[in-house]
Amino acid sequence: MDDGRSRPWGGKLIAKSRMLRRTLLRRARTPVLQIMPSANCQLLIYNRVVPVAMPPATQSEPAIEYRKDEFVLSTDRERLHLDVINGFLTECYWAKGISREIVARSIENSLCFGIYDRNQQVGFARVISDFATYAYIADVFVLDTYRGRGLGKWLMQCIMQHPRLQGLRRWSLVTDDAHGLYAKSGFTAPKWPEVYMERYDEDIYQRLDSHQQARSPEITK
Ligand SMILES: CC(C)(COP(=O)(O)OP(=O)(O)OC[C@H]1O[C@@H](n2cnc3c(N)ncnc32)[C@H](O)[C@@H]1OP(=O)(O)O)[C@@H](O)C(=O)NCCC(=O)NCCS
């Protein structure tokens, strides 16, 4: 019988392939169905990655809650008040005219942070991220009557501390005049502005809105 000892290279190969066969047989006997937490739409089955239909991470993860005085900050999407968020955004300078449907879709696909005074929503922000390398902060606001009480700073601190947003290489945001607020969380003007590019469609919400109204003239705002 050739056990491979007389031919060292061949022997090693035979031993390796036997080991591999034993490993594969052992795995085949042990059903392993493991959800990979970092790759949401995939299952690991016998070391083969198989795409399956699963909700995005931002929808399936448990909500986190923080407390400060009488206020609660929560990442629970179910608690968000679309009327409050849309009511603010559709009037603000950066999203003027945005429709309720687009706001709802943006919430659906973001990690959202709501601030509540009892059940009343008084603040909001959302983060668009791959949860590995990059995050973009958008739609930050605190309702007028609650401003100047530290809620904006707290909101930013909670965002920056969120466990799924750690170790990212780059964060970004756009602001007209709140640079001082974001500077407190480490934001600066871009180090190399010349490397940034963007494609910006300033009137998109107005165009979409008039298009929709043309198709449904009975809908009035
Ligand atoms: C910006 C905003 C979220 C701040 O919320 P807030 O609860 O009033 O903020 P805080 O009480 O935590 O204080 C904010 C800090 O940032 C500073 N700051 C810098 N620029 C600011 C700005 N444009 N507006 C408010 N605060 C600003 C404040 O001076 C304060 O610093 P201080 O504590 O050293 O005085 C709130 O004013 C708001 O919703 N504004 C309208 C929407 C908006 O502009 N959002 C930002 C879009 S990028």
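Reading guide: rules and limits
- Residues numbered from 1 in each chain as written.
- Predicted model: local features only at pLDDT ≥ 70, side-chain atom pairs only at ≥ 80, totals over all residues.
- Near = placed C-beta within 6 Å.
- Helix = DSSP H or I, 4+ residues; strand = E, 2+ residues; numbered from the N terminus.
- Nonpolar A, V, L, I, M, F, W, Y, C, P; charged D, E, K, R; others polar.
- Pairing = 2+ DSSP bridges.
- Right-handed = clockwise from strand over helix to strand, strands pointing away.
- Buried ≥ 20, exposed ≤ 12 C-beta atoms within 10 Å, placed from the backbone.
- Core = buried A, V, L, I, M, F, W, Y, C linked by C-beta atoms within 7 Å.
- Contact = placed C-beta atoms within 7 Å.
- Axes fitted to C-alpha atoms, helices over the stretch in contact; angles between N-to-C directions.
- Left-handed = near helix turned anticlockwise from the far one by under 90°.

Our next topic: the site of the ligand. The local shell around the ligand holds 15 residues, among which R147, G152, T175, G180 and L181 are the closest. For the shell around the ligand, the elements supplying multiple residues, two or more each, are β8 (134–142), α5 (151–161) and α6 (179–183). In the shell around the ligand, the residues fall into 6 nonpolar, 5 polar and 4 charged.

For a regular strand, side-chain orientation follows a simple rule: the groups alternate between the two sheet faces. When strand β7 (residues 120–129) meets β8, the two strands line up antiparallel, connected through 6 bridges. Along β8, the bridge assignment pairs S129 with A135. Between β7 and β8, which pair antiparallel and follow one another directly, the connecting turn spans 4 residues, one of which, F131, has a positive phi of 60 degrees. Two elements, β8 and strand β9 (residues 170–172), share 3 bridges in a ladder whose sense is parallel. Paired with Y134 across the bridge in β9 is R170. After leaving β8, the chain enters α5 and then returns to the sheet as β9, a path that is right-handed.

Before going further, it helps to examine the environment of G87. Looking at where G87 falls in the secondary structure, it is placed in helix α3 (residues 82–89). For G87, a count of 14 C-beta atoms within 10 Å corresponds to the partly exposed category.

The next thing to look at is the nonpolar core. Core analysis: the biggest nonpolar cluster contains 24 residues, and F113, A125, I137, L155 and I159 have the highest contact counts within it. For this core, the secondary-structure elements that each account for two or more residues are α3, α4 (100–108), β6 (111–117), β7, β8 and α5. Sequence-distant contacts of L155, that is, excluding residues within four places in its chain, are made with L73, F113, I115, G123, A125 and V140.

Turning next to unusual backbone geometry. You will see that R118, though not glycine, has its phi angle at about 55 degrees, which is positive. Position of R118 relative to the elements: it lies in the loop between β6 and β7. On the basis of neighbour counts, which here come to 8 C-beta atoms within 10 Å, the residue R118 falls in the exposed class. One non-glycine residue, F131, lies in positive phi territory at about 60 degrees. One can find F131 in the loop between β7 and β8. Under the C-beta neighbour-count criterion, F131 is labelled buried, with 20 such atoms within 10 Å.

Taken in spatial order, the 6 strands make up an open sheet running β4-β5-β6-β7-β8-β9, and their pairing is mixed. Each edge of the open sheet is held by one strand with a lone partner, namely β4 (65–68) and β9. When the angles between neighbouring strand axes are averaged without regard to direction, this sheet yields 20 degrees.

On to the pairing of strand β5 (residues 71–74), then. Here 4 bridges tie β4 to β5, and the two strands are oriented antiparallel to one another. Its bridge partner lying in β5, E65 is registered against S74. Hairpin connection from β4 to β5: 2 residues lie between these consecutive antiparallel strands, with D69 at a positive phi of about 50 degrees. As paired strands, β5 and β6 are joined by 4 bridges and run antiparallel to one another. Residue pairing in the sheet places L73 in a bridge with I115 of β6.

Below, the discussion takes up the packing of α3 against α4. Describing two packed helices takes the angle between their axes plus the distance from one axis to the other. Contact pair α3 / α4: the axes reach a minimum separation of 10 Å and the direction vectors enclose 115 degrees. Every pair of crossing elements has a handedness; the one defined by α3 and α4 is right-handed. Residue-level inspection shows L82, I85, N86 and L89 of α3 in contact with α4, the latter providing R100, V103 and A104. Residue composition of the contact of α3 with α4, grouped by class: 5 nonpolar, 1 polar and 1 charged.

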